[in-house]
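These are the residues of each chain, in order.
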Amino acid sequence: MLQKLDHYGIRGIINDWFSSYLLGRSQVTEVDTYLSSKSQISCGVPQGSVLGPLLFLIYINDIHNSSDKLSFYLFADDTSLLYADKNLKSLEETVNNELLKVSEWLNANKLTLNAKKSNYVIFRPYQRKLGYSVNIKMFDNSTHTFTSLECKEHVKYLGILLDSNLSWKFHIEYVALKISKIIGVIARLRHFVPLCTLLNIYRSLIFPYMSYGLAAWGQAAKTHLQKLLILQKRVLRLMHFSEPRAHAVSLFITSNILPINMLYVETVSSLMYDVSRLSVPSNISDLFTQVNKIHTHKTRSSSSGNFYIKSSSLSLNQRSFARFGAKLWNSYQDKFRQLPKSAFKKHVSDLLFLIMEAEDDYVETPILLYKIANF
């Protein structure tokens, strides 16, 4: 650890300070009233310490150097690897060879991988079936053998369930389950607290589930998103003591709550504002290219700062955030795009409520684009 700190420029007195913090520590094991003899700790950091997570991040920061073919995505102690190949046999061979290099890096750095908690997903279009049974292996330190990892249909990554077809079906079902439990609580509480309290409960307990990662999964199929819209209408009717089948559009407007598809549009609009100002991470900004970077012709689209809309025949790409985000941003008038962000977000919210009120319906996302451009 101290050598890595020195490599990253933490030298001299500061390195000596870390040395005094990490070295010379010992541990004992207590069973009932019996204590083991002291044992010197040769690696690791004090559990529950403030510096522990920071030192761990510094320690594993160079894990990406173990392979030049795999893409590494690190978040705390959650590491995800990505590799793409159209040929399954070639993918299997390459990934197994690269995972061997990762195992060697872990060994050299005295880290242990929990093979039982490691798995993989093969992302592919819904129509494409796997014609070959892929076997991905990882070295298991506990058994000192290569263990076959479990192939899953979906996996949780940073709180979002990614399925093999990127349909977002499993994630939406997960969100619906969480929301249903909270609706049950609201159904019991509504007899004892005012409406403003119920709305605060909605915004603090239900809204975070619906908005988290929405820019990624908000373009899921209507059949999946409909489950969340039904739950939204149900909770609003409960809070307002309306009939079970009462028209809920007015309840959305009165409560200042957007239905799921309009919430998606609001979320993407805010993100696209940041994209246009280059104030997002490069992995997001790289998805977009302004029209004036494609050609130098003086057209209305290039001079107004519009984004280039990439064409694709794949339905998955047509529903992607990159394509929809560009189309949505282009639909806003330039005078609104020049507003400060707070004013722009208010304009978007007000516009969506006006459209819903005018249509007296839950406007579908493709139609929303047209309405926004012409409202």
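These numbers were taken from a predicted model, which means no experiment stands behind them. (Residues numbered from 1 in each chain as written. Predicted model: local features only at pLDDT ≥ 70, side-chain atom pairs only at ≥ 80, totals over all residues. Heavy atoms only, no water.)

## Observations regarding the overall build of the chain
Link 1 in the chain: Helices and strands together make up the secondary structure of the chain, namely 18 helices and twelve strands.
Link 2 in the chain: Projecting the C-alpha coordinates of the chain onto the three principal axes gives extents of approximately 75 × 65 × 55 Å.
Link 3 in the chain: Counting across all 375 residues of the chain, residues that qualify as buried make up 38%.
Link 4 in the chain: Of the accessible surface of the chain, which amounts to about 22,500 Å², a share of 55% is contributed by carbon and sulfur atoms.
Link 5 in the chain: One way to put it: in the chain the 43 positive side-chain charges average out to a point 6 Å from where the 29 negative ones average out. (Helix = DSSP H or I, 4+ residues; strand = E, 2+ residues; numbered from the N terminus. Buried < 20%, exposed > 50% of the residue type's maximum accessible area, 1.4 Å probe, protein only. Areas by Shrake-Rupley, 256 points an atom, 1.4 Å probe, with all protein chains shown as cover. Lys, Arg positive; Asp, Glu negative; His and termini not counted. Charge placed at Lys NZ, Arg CZ, Asp CG, Glu CD.)

## Points about the pairing of strand β5 (residues 71–75)
Link 1 in the chain: Sheet analysis places β5 next to strand β6 (residues 78–82), joined by five bridges and oriented antiparallel. Pairing of Phe72 across the sheet is with Leu81, part of β6.
Link 2 in the chain: Taken together, β5 and the strand that follows it, β6, pair antiparallel across an intervening segment of two residues, in which Ala76 is found at a positive phi of about 55 degrees. (Pairing = 2+ DSSP bridges.)

## Observations concerning the packing of helix α5 (residues 169–189) against helix α6 (residues 195–211)
Link 1 in the chain: Running from N to C, α5 and α6 point in directions that differ by 170 degrees, and their axes come no closer than 10 Å. Comparing the axis directions of α5 and α6 gives the class roughly antiparallel. Touching Val175, Lys178, Ile179, Ile182, Ile183, Ile186 and Leu189 of α5 are Leu198, Ile201, Leu205, Ile206, Tyr209 and Met210, all from α6.
Link 2 in the chain: Of the residues assigned to the contact of α5 with α6, the class counts are twelve nonpolar, no polar and one charged. (Axes fitted to C-alpha atoms, helices over the stretch in contact; angles between N-to-C directions. Parallel < 35°, antiparallel > 145°, perpendicular 65-115°, else oblique. Contact = heavy atoms within 4.5 Å. Nonpolar A, V, L, I, M, F, W, Y, C, P; charged D, E, K, R; others polar.)

## A few points about the side chain of Ser103
Link 1 in the chain: Here Ser103 shows up in helix α4 (residues 88–108).
Link 2 in the chain: Take Ser103: its relative accessible area is 9%, and that puts it in the buried class.
Link 3 in the chain: Here Ser103 is in contact with Met138 and Phe139, once residues within four sequence places are set aside.

## Considering the nonpolar core
Link 1 in the chain: One finds Ile206 and Leu228 to be the most contacted residues of the largest nonpolar core, which totals 65 residues.
Link 2 in the chain: Residues Val95, Leu99, Trp105 and Val134 belong to the second largest nonpolar core, which totals 18 residues. (Core = buried A, V, L, I, M, F, W, Y, C linked by side-chain atoms within 4.5 Å.)

## Regarding the packing of aromatic side chains
Link 1 in the chain: Tallied over the entire structure, the rule returns eleven aromatic pairs.
Link 2 in the chain: Ring centres 5.4 Å apart and planes at 70 degrees place the aromatic pair Phe139 and Phe146 in the edge-to-face group.
Link 3 in the chain: A relative accessible area of 46% means that Phe146 is categorised as partly exposed.
Link 4 in the chain: By way of ring pairs, the aromatic residues Tyr273, Trp329, Tyr332 and Phe344 are connected into one cluster.
Link 5 in the chain: When the ring centre of Tyr59 is taken as reference, the NZ or CZ atom of Lys4 above it lies at 4.5 Å.
Link 6 in the chain: The lysine or arginine in question, Arg277, covers the ring of Tyr273, its NZ or CZ lying 4.0 Å from the ring centre. (Phe/Tyr/Trp six-rings, centres within 6.5 Å; stacked < 30°, edge-to-face > 60°. Lys NZ or Arg CZ within 6 Å of the ring centre and 35° of its normal.)

## As for a nonpolar patch on the surface
Link 1 in the chain: Taken together, the side chains of Tyr73, Leu82 and Phe123 present a nonpolar region at the surface, about 280 Å² in accessible area.
Link 2 in the chain: Among the secondary structure elements, Leu82 is positioned in strand β6.
Link 3 in the chain: Its relative accessible area of 41% is what places Leu82 among the partly exposed residues. (Patch = residues over 30% accessible without salt bridge, like charges linked within 9 Å, V, L, I, M, F, W, Y side chains within 5 Å. Salt bridge = Lys/Arg side-chain N within 4 Å of Asp/Glu carboxyl O.)

## Description of unusual backbone geometry
Link 1 in the chain: Unlike most non-glycine residues, Trp168 shows phi in positive territory, near 65 degrees.
Link 2 in the chain: Here Trp168 lies in the loop between β12 (160–163) and α5.
Link 3 in the chain: Classification of Trp168 by relative accessible area gives buried; the value is 12%.
Link 4 in the chain: Its identity is not glycine, yet Asn256 carries a phi of approximately 60 degrees, on the positive side.
Link 5 in the chain: Here Asn256 shows up in the loop between α9 (249–255) and α10 (260–276).

## Considering the pairing of β12
Link 1 in the chain: Burial along β12 is two-sided: the residues Ile160 and Leu162 and Leu161 and Asp163 are all buried.
Link 2 in the chain: Here strand β11 (residues 154–157) pairs with β12 via four bridges, running antiparallel. Bridge assignment links Val155 to a residue of β12, and that residue is Leu162.
Link 3 in the chain: Where β11 folds back on β12, the antiparallel hairpin that results is connected by two residues, among which Leu158 adopts a positive phi of roughly 55 degrees.

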